[in-house]
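# Chains, contacts and geometry: an overview
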Amino acid sequence: MKRLATTAELEAMANRVRQGIVTGVFHAKSGHPGGSLSCADLLTYLYFNEMNVDPQNPTAEDRDRFVLSKGHGAPALYSVLAHMGYFPVKDLETLRHIGSYLQGHPDMKRVPGVDMSSGSLGQGVSAACGMALAAKIQKKGYRVYCMLGDGEIEEGQVWEAAMFASHKKLDNLCLIVDNNGLQIDGKVEEVCSPYPIDEKFQAFGFEVTEIDAHNFEEMEKALNFARANQNGKPTVIIAKSVKGKGVSFMENVVNWHGVAPNEEQFNSAMQELLEGGNGDV
Amino acid sequence: MSELKKIATREGYGDELKKLGEEYPNLVVLDADLAAATKTATFQKAFPDRFFDCGIAEANMMSVAAGLAASGMIPFASSFAMFAAGRAYEQVRNSIGYPHLNVKIGATHAGVSVGEDGATHQCCEDIALMRTIPGMVIINPSDYTEARAAVRAAVEYDGPVYLRFGRLAVEQINTSPDYRFEMGKGVTLRDGKDLTIVATGLCVTEALKAAELLAAQGKDARVVNIHTIKPLDVGLMVKCAKETGTIVTVEEHSIIGGLGEAVCSALAENYPARVHRIGVKDEFGYSGPGAQLIKEFGLDSEGIAREILENVR
Ligand SMILES: Cc1ncc(C[n+]2csc(CCOP(=O)(O)OP(=O)(O)O)c2C)c(N)n1
């Protein structure tokens, strides 16, 4: 479903989404800016231009589903949902506050538009398999998208899910690995390397494509390919990204995984993002 | 007690691990991509060759620890309580508990005081899970000093131990120079005759303050620190029930399966007495600053005192 016609519009929207992320995490005084910013472009594209969803009807039976298996990226998901119109953008300022529906990790019972609760790494992808299987059982045409972290795929459960998805021929399932190269304790390849990621998924029976996570044309191509694919194989898009993307002092700095900016850092981040332009979208 | 700076029990875990690393060459530490948060990074810096990051793969980590212990090492395996006790429960039960291997589990960020991360990270079930494993020792220290002492005691003991630490900085109460830690023994911190408050973890400080609030209302509460939840100091529980009647338990854990239920079972079988459990009711937590959530769940001194004045006969 194409809501934004041009790359410029997508870029402008992604930029707004990033402002929402930084705003939310700043007001929460905690949270995960790095991994939220790295998947901001992907989530923007998915919701605005790929998925068949309707903010006016968030629980429509035939909607496409999205599972943020790397649940700590909640600020990115919430910001995209808010900018889509599921709830007011202003509410992002209540992220993680007592009484707010915007819980630290996605909560499907409280947040309109969230299809699956997540936060414990490795579990969302299995839930996505369940959703894709339900579509097959019920002969429904909806598709299921699921975003994983490259650290997250160290969880054994991810590979149990991969085995399941390909054995059950879930070609309506599309996984996206946010391959920013960093986790909490350092570089993914130094902590306990899951590489080679592409060959592992190939061995598990997936269609594998690699893209630049900050390039909308490549996203469009990869997602078109996944949607057209009906050979029984699930697809995985390995998206090379930059952790902290868009806020220069956060980019590729492992420490920005799970801390909030102070006021000065917040102001400088917002200024940098505003200079990127909000466009006319 | 307020002059000393507040410090989290997980800091004590990291500091004592480093100390023990100097004394025990066969001590190794495993973590699952949370070294900075669990404080095993303190050990890692001192002994990089004896630190092994397992990545985000807690189930594997627990069984690897079992193998290390079966081969003469003393492994500490660390993650947040949610993932150490929750995600890897069955590995802990079957790889570590059943063969009674000498694995120490360092579980941090337990309870609701983990704060803003919300319900998915607020583990209020770990004590319950670990209590059901035969032979598992469970220690939930009340402050930094006790955390350090507990880590040392765990190494001196041969067998599986679950150590529960918090994220939040808490007051220091065990500051006396002749402080001694004895695994399995409760500590009476304040005498009283009207009732006994039996607390564990960060609730001990709150219970002590609650006792002062109660004193102002004419209620004389005894306060007992139960750092070792299993094996429980049954003798002390019976003694308190005999001497003060009502027992009130306080824990940053579900009232189902935790300290409160352990005390209930012990007394039901040995000396039936009225027990009132204060803890997280049968519900999930939610996001918010940790200290504020302690208040929200009625686990702070005022909440404890209020509950006792209003609902305990
Ligand atoms: C099962 C589980 N173990 C540990 C954690 C704590 N944790 C949260 S985020 C994170 C690192 C995630 O790294 P990655 O998947 O690469 O995410 P990104 O870099 O994209 O933020 C960890 C270990 C968790 N949420 N769930």
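Residues numbered from 1 in each chain as written. Chains lettered and ligands numbered in written order. Predicted model: local features only at pLDDT ≥ 70, side-chain atom pairs only at ≥ 80, totals over all residues. Heavy atoms only, no water.

A word on the sheet that holds strand 4 (residues 207–212) of chain A. Backbone-to-backbone hydrogen bonds join strands into a sheet, with any given pair of strands oriented parallel or antiparallel. Residues and elements named next belong to chain A. Pairing in this open sheet of five strands is parallel, and the strands run 1-2-3-5-4 from one edge to the other. In the strand order of this sheet, the two ends are held by strand 1 (65–68) and strand 4, each with one partner. Taken over all neighbouring pairs, the strand axes of this sheet differ in orientation by 20° on average, direction set aside. By the bridge criterion, six bridges tie strand 4 to strand 5 (residues 235–240) in an arrangement that is parallel. Its bridge partner being in strand 5, Glu210 is matched across the sheet by Ile238. Where helix 5 (residues 124–137) meets the sheet, it contacts strand 1, strand 2 (144–149) and strand 3 (173–179), and its direction lies at approximately 170° from that of strand 2. Most of the contacts of helix 9 (residues 216–228) go to strand 4, to which it runs at about 165°, and overall it touches strand 2, strand 3, strand 4 and strand 5. (Pairing = 2+ DSSP bridges. Helix = DSSP H or I, 4+ residues; strand = E, 2+ residues; numbered from the N terminus. Axes fitted to C-alpha atoms, helices over the stretch in contact; angles between N-to-C directions. Contact = heavy atoms within 4.5 Å.)

Further remarks concern the interface of chain B and chain A. Each partner contributes to the interface: chain B provides 24 residues, whereas chain A provides 26 residues. Of the roughly 1900 Å² buried between chain B and chain A, counting both surfaces, carbon and sulfur atoms make up 47%. It is Asp33, Ile56 and Arg87 of chain B in chain B that bury the most area against chain A; as a group they hold 33% of the surface buried on that side. Taken together, chain B and chain A are joined by two salt bridges. Remark: the boundary between chain B and chain A carries 14 residue pairs in polar contact (both at pLDDT 80 or more). With three residues, helix 12 (residues 290–296) of chain B is the single largest residue contributor to the side of chain B that touches chain A. Its residues assigned to classes, the side of chain B that touches chain A comprises 10 nonpolar, seven polar and seven charged. (Buried area = accessible area lost by both parts, 1.4 Å probe. Salt bridge = Lys/Arg side-chain N within 4 Å of Asp/Glu carboxyl O. Polar contact = N/O pair within 3.5 Å; in protein donor to acceptor, adjacent residues only side chain to side chain. Nonpolar A, V, L, I, M, F, W, Y, C, P; charged D, E, K, R; others polar.)

All names here are of chain A. Extensive coverage of strand 2 is indicated by the burial of six of its six residues. Burial along strand 2 is two-sided: Val144, Cys146 and Leu148 and Tyr145, Met147 and Gly149, pointing in opposite directions, are all buried. As judged from the four bridges shared by strand 1 and strand 2, these two strands associate in the parallel manner. Paired with Val67 across the bridge in strand 2 is Cys146. Inspection of the sheet shows strand 2 paired to strand 3 by six bridges, in the parallel sense. Bridging across to strand 3, Tyr145 finds its partner in Cys174. Note on the crossover from strand 2 through helix 6 (residues 156–167) to strand 3: the handedness is right-handed. (Buried < 20%, exposed > 50% of the residue type's maximum accessible area, 1.4 Å probe, protein only. Right-handed = clockwise from strand over helix to strand, strands pointing away.)

We now examine the site of the ligand. Taken together, 25 residues sit near the ligand, with Lys70, His72, Leu182 and Lys243 of chain A together with Glu58 of chain B positioned nearest. Mapping the residues adjacent to the ligand onto the chains of the assembly identifies chains A and B. Glu152 of chain A places a polar main-chain atom, nitrogen or oxygen, 2.8 Å from an oxygen atom of the ligand. In isolation the ligand has 590 Å² of accessible area, and contact with the protein removes 99% of it. Per-class residue counts for the shell around the ligand are six nonpolar, 10 polar and nine charged. (Near = heavy atom within 4 Å. Areas by Shrake-Rupley, 256 points an atom, 1.4 Å probe, with all protein chains shown as cover.)

Much of the literature gives interface size as the accessible area that the parts lose upon coming together. Residue and element names in this part refer to chain B. Assigned domains of chain B: these are domain 1 (9–164) and domain 2 (187–311). Relative placement of domain 1 and domain 2: their C-alpha centres are 25 Å apart. Between domain 1 and domain 2, the residue contacts involve 28 residues of the former and 32 residues of the latter. Summed over both partners, the interface of domain 1 with domain 2 buries about 2100 Å², with 54% contributed by carbon and sulfur atoms. Where domain 1 packs against domain 2, one counts zero salt bridges. Linking domain 1 with domain 2 are 20 residue pairs in polar contact (both at pLDDT 80 or more). Mapped onto the side of domain 1 that touches domain 2, the elements with two or more residues apiece are helix 7 (126–131) and strand 5 (137–139). Taken together, the residues of the side of domain 1 that touches domain 2 sort by class into 13 nonpolar, eight polar and seven charged. (Domains from an automatic or database assignment.)

So, about unusual backbone geometry. A negative phi holds for most residues other than glycine; trans holds for most peptide bonds. Residue Pro196 of chain A is bonded to the preceding Tyr195 of chain A through a cis peptide linkage, with omega at -5°. Here Pro196 of chain A lies in the loop between helix 7 (188–191) and helix 8 (197–203). A cis geometry characterises the amide bond from Lys230 of chain B onward to Pro231 of chain B, with omega recorded as -5°. You can see Pro231 of chain B is positioned in the loop between strand 10 (228–230) and helix 10 (234–244). Positive phi outside glycine occurs at Lys29 of chain A, with the angle close to 55°. In this structure, Asn252 of chain A takes a positive phi of about 60° despite not being glycine.

The next subject is the pairing of strand 5 of chain A. Two faces make up the sheet, and in a regular strand the side chains alternate between them. All names here are of chain A. Counting buried positions over the six residues of strand 5 gives five, a clear majority of the element. As paired elements, strand 3 and strand 5 share six bridges and run parallel to each other. The residue of strand 5 that forms the bridge with Leu175 is Val236. Between the parallel elements strand 4 and strand 5, the chain passes through helix 9 in a crossover that is right-handed.

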